[in-house]
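Listed below are the residues making up each chain.
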Amino acid sequence: MQQGRRTTRLDEAAQRGRITIRGRARRLRDLAPALAETAVAAGVAWAIANGVLGHSRPFMAPVAAIIALGITYGQRTRRAAEIVVGVAVGVLAADLLARWLGAGPVQIALVTLLAMSAAVFLGGQTLVVTQAAVSAIFIMTVTAANSAPLDRFVDALVGGTVAVVANLVVFPLEPVRLAQRAARPLLEELAAVLDDVAGALQARDHDAAVDALVRARELDGPMRRFSDAADVGEEVALFSPLRRGRRPALARYRAAANQVDLAVRNARVLARGAVRAVDLDAHVPEDTIDALRELAGAVRTLAPALDDPELTAVAREQALTAAGRATLSLERTGNLSASVLVGQVRSMAVDLLQGLGVADHDAQLAVRQAAARVERDGLAEQP
């Protein structure tokens with residue numbers, strides 16, 4: 001028996017090891033383009049600083065390229081520029097102070113203060129400010145003052161510029177895939193929140209309603225990542241000749257991100273309304289609950305619909321059915337809690353329609369007319 005347990009543990013450990021190795025291999029495969037880009041950029045930066053500018057041992061050029069690409073891969077161009085400026089400022093401050101004052105604890109403190117202050121003044125965020133200080137300390141403590149005062153500053157600018165050009169022009173990201181990867185988990189989570197709200201209302205479960213509200217409040221992070229991915233994708237499609245053809249698709253993702261942001265906010269209001277409805281033991285018609293699940297279906301269809309126009313009609317139909325059912329459900333109750341829920345369903349339906357490319361006025365009109373269409377087609381639950 002004991003031998004059998006040992007064998008089982010060994011088998012489990014071996015299986016975990018295989019999973020870990022596969023996961024690491026998959027991660028290496030996923031990161032291979034970024035690693036290759038960084039390596040090439042470092043070599044090109046050295047070649048320019050050494051072969052074109054004539055700087056001997058221009059180590060700051062490849063270092064700056066590596067720093068810029070390592071921090072800004074998949075980020076906005078402005079962030080990349082901030083990194084480049086932060087590194088260059090730190091290098092220049094340290095170079096000048098090392099020549100004038102030498103190295104020591106007081107000089108280290110002074111150069112750190114100056115480099116960070118300069119980075120803050122230039123608009124850098126926390127990471128940029130920190131990088132400026134690290135670069136300054138590196139120059140002051142590790143390198144010898146054996147080059148012209150501006151050489152390393154120029155090398156840092158060269159390396160950073162090579163990194164930006166490589167990131168946007170030579171080895172650009174696949175912008176649509178970047179947007180897809182950010183959109184899908186967000187929309188799946190938003191749909192899950194709507195399903196949770198529907199389940200909590202149906203079961204009249206206070207704890208489940210509170211859990212749905214907490215889950216809705218946690219959508220901010222995924223929403224921010226989606227919005228950033230859409231921005232980065234648009235920049236790549238604008239600057240890279242290899243990605244110009246992606247601009248129409250990226251425009252759809254950018255428009256959808258704006259509307260999904262509104263839908264996320266409405267989802268939080270909806271979840272709060274559900275908590276209140278359960279606490280007050282308010283009557284919520286079954287059609288309202290069904291409308292929430294229909295709306296969740298529309299949210300799930302939105303992600304593939306952004307890439308496949310044939311699915312756009314499906315997502316629109318689901319959103320309008322949700323709005324129509326919710327509106328008709330008000331005929332069966334007049335309580336305020338149900339009215340709040342219906343109002344949010346209708347608002348989210350408008351958000352989704354606009355995210356699918358429907359103009360604001362047309363989306364509003366379609367939602368107002370949705371109840372009549374649902375009633376005509378017999379999609380509402382009969383009292």
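About the thresholds
- Residues numbered from 1 in each chain as written.
- Predicted model: local features only at pLDDT ≥ 70, side-chain atom pairs only at ≥ 80, totals over all residues.
- Heavy atoms only, no water.
- Salt bridge = Lys/Arg side-chain N within 4 Å of Asp/Glu carboxyl O.
- Helix = DSSP H or I, 4+ residues; strand = E, 2+ residues; numbered from the N terminus.
- Buried < 20%, exposed > 50% of the residue type's maximum accessible area, 1.4 Å probe, protein only.
- Expected span 1.5 Å × (residues − 1).
- Core = buried A, V, L, I, M, F, W, Y, C linked by side-chain atoms within 4.5 Å.
- Contact = heavy atoms within 4.5 Å.
- Phe/Tyr/Trp six-rings, centres within 6.5 Å; stacked < 30°, edge-to-face > 60°.

Caption draft 1: Just the pattern of salt bridges, in detail. Scanning the entire structure with this criterion turns up 12 salt bridges. A salt bridge links Arg246 to Glu174; the shortest N-O distance between them is 2.8 Å. On the criterion of sequence distance, the pair formed by Arg246 in the loop between helix H9 (220–239) and helix H10 (247–279) and Glu174 in the loop between helix H6 (151–170) and helix H7 (175–203) is long-range, its members being 72 residues apart. In this structure Arg246 comes out as partly exposed when scored by relative accessible area, which is 29%. We note a salt bridge from Arg300 to Glu188, for which the minimum N-O separation is 3.1 Å. Remark: Glu188 occurs in helix H7 and Arg300 occurs in helix H11 (residues 286–305); sequence separation between them is 112 residues. The class of Glu188 is partly exposed, set by a relative accessible area of 40%. Among the charged side chains, a network of salt bridges with common partners joins Glu174, Arg243 and Arg246.

Caption draft 2: Summary view of H11. Here H11 is 20 residues long and its end C-alpha atoms lie 28 Å apart, about the 28 Å a rise of 1.5 Å per residue gives. Across the 20 residues that make up H11, a large majority, 14, are buried.

Caption draft 3: Structural detail: the nonpolar core. Counting residues in hydrophobic clusters, the biggest one holds 70 residues, and the most contacted among them are Val197, Leu201 and Phe226. Sorting the residues of this core by element identifies H7, helix H8 (206–217), H9, H10, H11, helix H12 (312–329), helix H13 (336–355) and helix H14 (360–377) as the ones contributing at least two each. When residues in this core are grouped by element, the largest group, 15 residues, is from H10. In this view, Val197 contacts Ala212, Leu270, Ala271, Ala274 and Leu292; residues no more than four positions away in its chain are not counted. In this structure, Ala64, Val87, Val129 and Ile139 belong to the second largest nonpolar core, which totals 18 residues.

Caption draft 4: Up close: the packing of aromatic side chains. According to the stated counting rule, one finds 1 aromatic pair in the structure shown. Arranged with centres 6.4 Å apart and planes meeting at 85°, the rings of Phe226 and Tyr253 form a pair that is edge-to-face. Of the two residues, Phe226 sits in helix H9 while Tyr253 sits in helix H10, which places them 27 residues apart along the sequence.

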